[in-house]
Amino acid sequence: MTAAPFTPVDGLILSWLASMPLKSPAPATLGEAAARAADGGGAEGDGLKFLRAMADSPRFRDMELQRFEEKFSESEEMQFAALTALTGDGRAFVAFRGTDATLVGWKEDFNMAFAEEVPAQREAVRFLDQAAVLGIPLRVGGHSKGGNLAVYAAARCSGAAQARISLVMNYDGPGLNPGVMDSAGYRAVEPRIETWLPEASIVGILLERSPRYHVVRSDAVGPLQHSPYSWQVTPDGFVTVEELSGASLYADRTIRQWLNSMSLADREAFVEALYDIVGATQARTLDEISENWRKSGWQMLDALDGLDLRTKSMLFLSLGKLILSAVRSLDAAHPKG
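Let us look at the overall build of the chain. Of regular secondary structure, the chain possesses 14 helices and 11 strands. Over its C-alpha trace the chain gives a radius of gyration of 20 Å, about what one expects of a compact globule, namely 20 Å for 337 residues. Going through the 337 residues of the chain one by one, you find that 48% of them count as buried. Look at the contacts in the chain between residues 6 or more apart in sequence, and 70% of them connect residues 24 or more apart. Looking at the chain, you have 33 positive and 43 negative side-chain charges, and the mean spots of the two groups are 3 Å apart.

Right under this line is the structure:
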């Protein structure tokens, strides 16, 4: 029996696999890698179900995990992981991991608002260039930050690597800074980029992005739609709708106006101040803050109170601009008269 052609749903599944705790050495089959990750701990709930389903799936279990790499550095504010899988149709899929639960991972995301390049983006370019050595056509993808890394790497990789890219699959990943969007590398690869957003997308509307995208119906509410477990599929592919929700479009206008009201230096100062406040908890992950929310809350309030007057004024001024942007966006959506 002939296997069905590769689809955007397959791309999402392989992109999500990059977020799993794969400790298996490559090469190995995806089934072997998923089974070892499921048995080795670190995954629970939906993640554990996902890994076991991958290990049992006739479509995915015999694909070869050709390469897996993971890097984390608090000093560099970097969280990165990626894999290359041979998909059995003469091509490879390069998948980049999205943001994990570490504060460093989230800090790197926020750094994208002002930095020309963050460390994970640099690593993504290197990883993609090395994947091109396989000498076969490449599909590149990722979910959340992984989608951003996929698009960034495709735009910044070598000409030889870019020539091998057949498709870039961005699943609710944030956009890029204007410098990348205006580059020759981005313009060359842009026709090969497919972007998939849930109806109430928040992450995927951030920063600059292509106006072309597909909208997937989700059975979750609001920001919870970011989870791919909520995206609706049929045997024919994603269930799509015509447009983003009103809430997503409102958030897009608000955040865009807010960021445009701040210089790059202001954005950096705002992010650093917030990170200092959250860092006062000594937590390494968002889960640790959530589990000790009462203690963490007081620690963050104390850190806010301890800021110097200039930093505190900047922080409240930036938050004030966000509120003003929200009001203006609301007025634009519901004009009087």
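Moving on from the model shown.
With that settled, the discussion passes to the sheet that holds strand 8 (residues 214-216). The strand order 1-2-3-4-5-6-7-8-11 describes an open sheet built from nine strands, whose pairing is mixed. This sheet does not close on itself; its edge strands, each paired only once, are strand 1 (28-29) and strand 11 (240-241). In terms of strand pairing, strand 5 (residues 138-143) meets strand 6 (residues 165-171) through six bridges, oriented parallel. Along strand 6, the bridge assignment pairs Arg139 with Leu167. Its contacts with the sheet put helix 6 (residues 145-156) on strand 3 (78-86), strand 4 (92-96), strand 5, strand 6 and strand 7 (193-198), and the angle it makes with strand 5 is roughly 145°.

Turning our eyes to something else, we now look at the pattern of salt bridges. Enumeration over the complete set of coordinates arrives at 17 salt bridges. Across the salt bridge formed by Arg256 and Glu208, the nearest N and O atoms sit 3.3 Å from each other. Separated by 48 residues along the polypeptide, Arg256 in helix 10 (residues 246-260) and Glu208 in the loop between strand 7 and strand 8 bring together distant segments of the chain. In this structure Arg256 comes out as partly exposed when scored by relative accessible area, which is 28%.

In this structure, Leu17, Leu22, Leu30, Leu51, Leu83 and Phe238 are the most contacted members of the largest nonpolar core, which totals 34 residues. For Leu83, the residues in contact, after removing those within four places along its chain, are Leu14, Leu17, Ala18, Leu22, Leu65, Arg67, Phe68, Phe93, Val94, Ala95 and Phe127. Core analysis: the next-biggest nonpolar cluster, separate from the first, contains 32 residues, Leu138, Val151, Ala155 and Cys157 among them.

Turning next to the packing of aromatic side chains. Taken as a whole and assessed by the stated rule, the structure comprises 10 aromatic pairs. For the pair Trp196 and Phe238, a centre-to-centre distance of 5.0 Å together with 45° between the ring planes defines the contact as tilted. Placement of Trp196 in strand 7 and of Phe238 in strand 10 (residues 237-238) is noted, with a sequence separation of 42 residues between them. The class for Trp196 is buried, based on a relative accessible area of 7%. Owing to a relative accessible area of 12%, Phe238 belongs among the buried residues under this scheme. Here the aromatic residues Tyr171, Trp196, Trp231 and Phe238 are joined through ring pairs into a cluster of three or more. Above the plane of the ring of Phe6 lies Arg139, whose end atom (NZ or CZ) is 4.1 Å from the centre.

On the secondary structure map, Glu44 appears in the loop between helix 2 (30-39) and helix 3 (46-56). Take Glu44: its relative accessible area is 66%, and that puts it in the exposed class. With 23 residues separating them along the chain, Glu44 and Arg67 place their C-alpha atoms 24 Å apart.

When you tally the buried positions in strand 7, you get five out of six residues, the bulk of the element. Pairing analysis gives four bridges linking strand 6 to strand 7, with the strands arranged parallel. Paired with Asn170 across the strands is Thr195, a residue of strand 7. Of the strand pairs in this sheet, strand 7 and strand 8 are connected by three bridges, and their pairing is parallel. When the sheet's bridge partners are listed, Pro198 is paired in strand 8 with Val216.

A contiguous nonpolar patch, built from Trp106, Phe110 and Leu286 and spanning about 290 Å² of accessible area, is present on the exposed surface. Secondary-structure assignment places Phe110 in helix 4 (residues 103-111). Phe110 sits in the partly exposed class, given a relative accessible area of 47%.

The rules behind these values
Residues numbered from 1 in each chain as written. Predicted model: local features only at pLDDT ≥ 70, side-chain atom pairs only at ≥ 80, totals over all residues. Heavy atoms only, no water. Helix = DSSP H or I, 4+ residues; strand = E, 2+ residues; numbered from the N terminus. Rg over C-alpha atoms; globule rule 2.2 N^0.38 Å. Buried < 20%, exposed > 50% of the residue type's maximum accessible area, 1.4 Å probe, protein only. Contact = heavy atoms within 4.5 Å. Lys, Arg positive; Asp, Glu negative; His and termini not counted. Charge placed at Lys NZ, Arg CZ, Asp CG, Glu CD. Pairing = 2+ DSSP bridges. Axes fitted to C-alpha atoms, helices over the stretch in contact; angles between N-to-C directions. Salt bridge = Lys/Arg side-chain N within 4 Å of Asp/Glu carboxyl O. Core = buried A, V, L, I, M, F, W, Y, C linked by side-chain atoms within 4.5 Å. Phe/Tyr/Trp six-rings, centres within 6.5 Å; stacked < 30°, edge-to-face > 60°. Lys NZ or Arg CZ within 6 Å of the ring centre and 35° of its normal. Patch = residues over 30% accessible without salt bridge, like charges linked within 9 Å, V, L, I, M, F, W, Y side chains within 5 Å. Areas by Shrake-Rupley, 256 points an atom, 1.4 Å probe, with all protein chains shown as cover.

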